[in-house]
Amino acid sequence: MTAAGNTTTRLLGIFQKVEYVFLVGVGGGVPHYTDYKKHVRLGDVVVSTPAQDLPDKYVYVFCEKAERNEKGGWDYEIKPYKPVNFLLQELAQRISHSNGLWTTYVQEGLERLKDLPGRWAAPEQGTDRLCVDVGDGAFIEVSHPAPAGEKTRESRVHCAPVAGGRAVSCGGEVRAAFANHARALAYDCELDAVLDSVVGNRKDCFICIRGISDYRDGTRGKEWQPHAALTAAAVMKTIIAAMEPPTD
């Protein structure tokens with residue numbers, strides 16, 4: 001992660017006319033076990049946008065430390081990140097209300113990648129297993145919440161903060177607690193060094209896009225990673241296509 005931050009600093013130093021920064025890749029979803037509208041599944045995409053019910057409009061929050069407090073809850077040491085300009089987030093909000101163009105880009109991507117190594121299509125839905133941690137290293141598998149009256153399931157774009165930090169992303173009670181605290185719907189493998197570079201280089205407009213490949217931080221679900229990366233790239237392309245063309 002330190003090397004990634006250093007590389008970002010060099011790139012933004014060399015290409016000084018960069019105005020918009022997209023951090024695109026895979027991540028771990030934060031599932032909801034009863035409410036379909038709040039549920040994030042494999043193959044979905046989470047785009048970093050502020051939580052509507054929080055006063056601090058951060059889009060990415062890194063947790064450096066999580067400790068139990070005397071009341072039985074958690075105390076967190078965090079680094080929040082938010083852009084000066086929310087243009088990319090506003091465009092993402094529009095995209096999230098429609099499955100039109102971004103899914104078309106997914107299909108175009110599948111066609112272009114068909115002769116390359118790797119399986120880019122979505123794996124069988126049966127491989128998307130939702131489990132509940134019951135403690136002592138034991139898990140039970142449960143059913144995904146489903147939309148009322150619908151038998152087929154399509155991938156969705158969710159707009160919410162993205163979180164990082166090994167102190168909270170690796171599972172257990174603290175993972176769910178911090179996700180609820182930050183309103184995060186995805187975790188990734190710690191991009192704070194990259195975001196420090198983006199903010200330090202005074203880039204006012206940035207966004208994090210995570211295709212969901214597992215239910216941790218995006219590093220475990222190898223089977224879903226290629227498709228999740230493709231869906232994230234398709235959402236990025238859709239946002240770029242919705243932007244005004246450059247004037248210089």
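Identification of the protein as Nucleoside phosphorylase domain-containing protein from Pieris brassicae is taken from an unreviewed UniProt entry.

## Thoughts on the nonpolar core
Ranked by size, the top nonpolar core spans 24 residues in total, and within it Leu23, Val46, Tyr60 and Phe206 carry the most contacts. Elements supplying a minimum of two residues to this core: strand 1 (20–29), strand 3 (60–68), helix 6 (192–200) and strand 10 (205–214). With residues up to four places along the chain from it excluded, the contact list for valine 46 reads Val40, His158, Ala160, Val162, Leu185, Ala186, Cys208, Ile209, Arg210 and Ile212. Ranked by size, the runner-up nonpolar core spans 21 residues in total, among them Val47, Ala92, Trp102 and Ile207.

## Thoughts on a negative patch on the surface
A contiguous patch of negative charge on the surface is contributed by Glu64, Glu67, Asp75 and Glu77. Residue assignment for the negative patch shows that the elements contributing at least two residues are strand 3 and strand 4 (74–81). Tracing the backbone shows glutamate 77 in strand 4.

## Observations regarding the pattern of salt bridges
All told, the structure shown has eleven salt bridges when counted by the stated rule. Between aspartate 56 and lysine 82 there is a salt bridge; the shortest N-O distance is 3.1 Å. With aspartate 56 in the loop between strand 2 (45–48) and strand 3 and lysine 82 in the loop between strand 4 and helix 2 (87–96), this residue pair connects regions lying 26 residues apart in the sequence. Of the charged contacts in the structure, one is a salt bridge between glutamate 141 and arginine 129, with a shortest N-O distance of 3.0 Å. Linking glutamate 141 in strand 6 (residues 138–142) with arginine 129 in the loop between helix 3 (101–113) and strand 5 (130–135), this pair joins segments that are twelve residues apart in sequence. Through salt bridges that share partners, Lys79, Asp192 and Asp196 make up one connected network.

## Considering helix 5 (residues 173–182)
The set of residues buried in helix 5 consists of Val174, Arg175, Phe178, Ala179 and Ala182. Down the axis, helix 5 shows its buried residues gathered within 135° of arc, on one side only. Facing away from the buried side of helix 5 by over 90 degrees, the exposed positions are Glu173, Ala176 and Asn180.

## A word on the packing of aromatic side chains
Taken as a whole and assessed by the stated rule, the structure comprises two aromatic pairs. A ring pair is formed by tyrosine 76 and phenylalanine 178, whose centres lie 4.8 Å apart and whose planes are at 70°; its orientation type is edge-to-face. Of this pair, tyrosine 76 sits in strand 4 while phenylalanine 178 sits in helix 5, and the two are 102 residues apart along the sequence. Owing to a relative accessible area of 0%, phenylalanine 178 belongs among the buried residues under this scheme.

## Re helix 2
Taken together, the buried positions of helix 2 are occupied by Leu88, Gln89, Leu91, Ala92, Ile95 and Ser96. Taken around the axis of helix 2, the buried residues stretch over an arc of 160°, which confines them to a single face. Next to the buried residues of helix 2 lie strand 1, strand 2, helix 3, strand 7 (157–160), strand 10 and helix 7 (225–242).

## Focus: unusual backbone geometry
Backbone geometry places glutamate 190, a non-glycine residue, at a positive phi of 70°. Along the chain, glutamate 190 falls in the loop between strand 9 (186–188) and helix 6. Despite not being glycine, arginine 202 shows a phi value in the positive range, around 60°. By the element assignment, arginine 202 lies in the loop between helix 6 and strand 10. Judged by its relative accessible area of 73%, arginine 202 is exposed.

## Digging into the environment of cysteine 208
Within the secondary structure, cysteine 208 sits in strand 10. Considering only alpha carbons, one finds cysteine 208 and valine 162, 46 residues apart in sequence, at a separation of 7.4 Å. Not counting residues up to four positions away in its chain, the partners in contact with cysteine 208 are Leu23, Val46, Val47, Ser48, Tyr60, Val162, Asp188 and Leu191.

Reading the values: the criteria
- Residues numbered from 1 in each chain as written.
- Predicted model: local features only at pLDDT ≥ 70, side-chain atom pairs only at ≥ 80, totals over all residues.
- Heavy atoms only, no water.
- Core = buried A, V, L, I, M, F, W, Y, C linked by side-chain atoms within 4.5 Å.
- Buried < 20%, exposed > 50% of the residue type's maximum accessible area, 1.4 Å probe, protein only.
- Helix = DSSP H or I, 4+ residues; strand = E, 2+ residues; numbered from the N terminus.
- Contact = heavy atoms within 4.5 Å.
- Patch = residues over 30% accessible without salt bridge, like charges linked within 9 Å, V, L, I, M, F, W, Y side chains within 5 Å.
- Areas by Shrake-Rupley, 256 points an atom, 1.4 Å probe, with all protein chains shown as cover.
- Salt bridge = Lys/Arg side-chain N within 4 Å of Asp/Glu carboxyl O.
- Lys, Arg positive; Asp, Glu negative; His and termini not counted.
- Charge placed at Lys NZ, Arg CZ, Asp CG, Glu CD.
- Arc of directions from axis to C-beta.
- Phe/Tyr/Trp six-rings, centres within 6.5 Å; stacked < 30°, edge-to-face > 60°.

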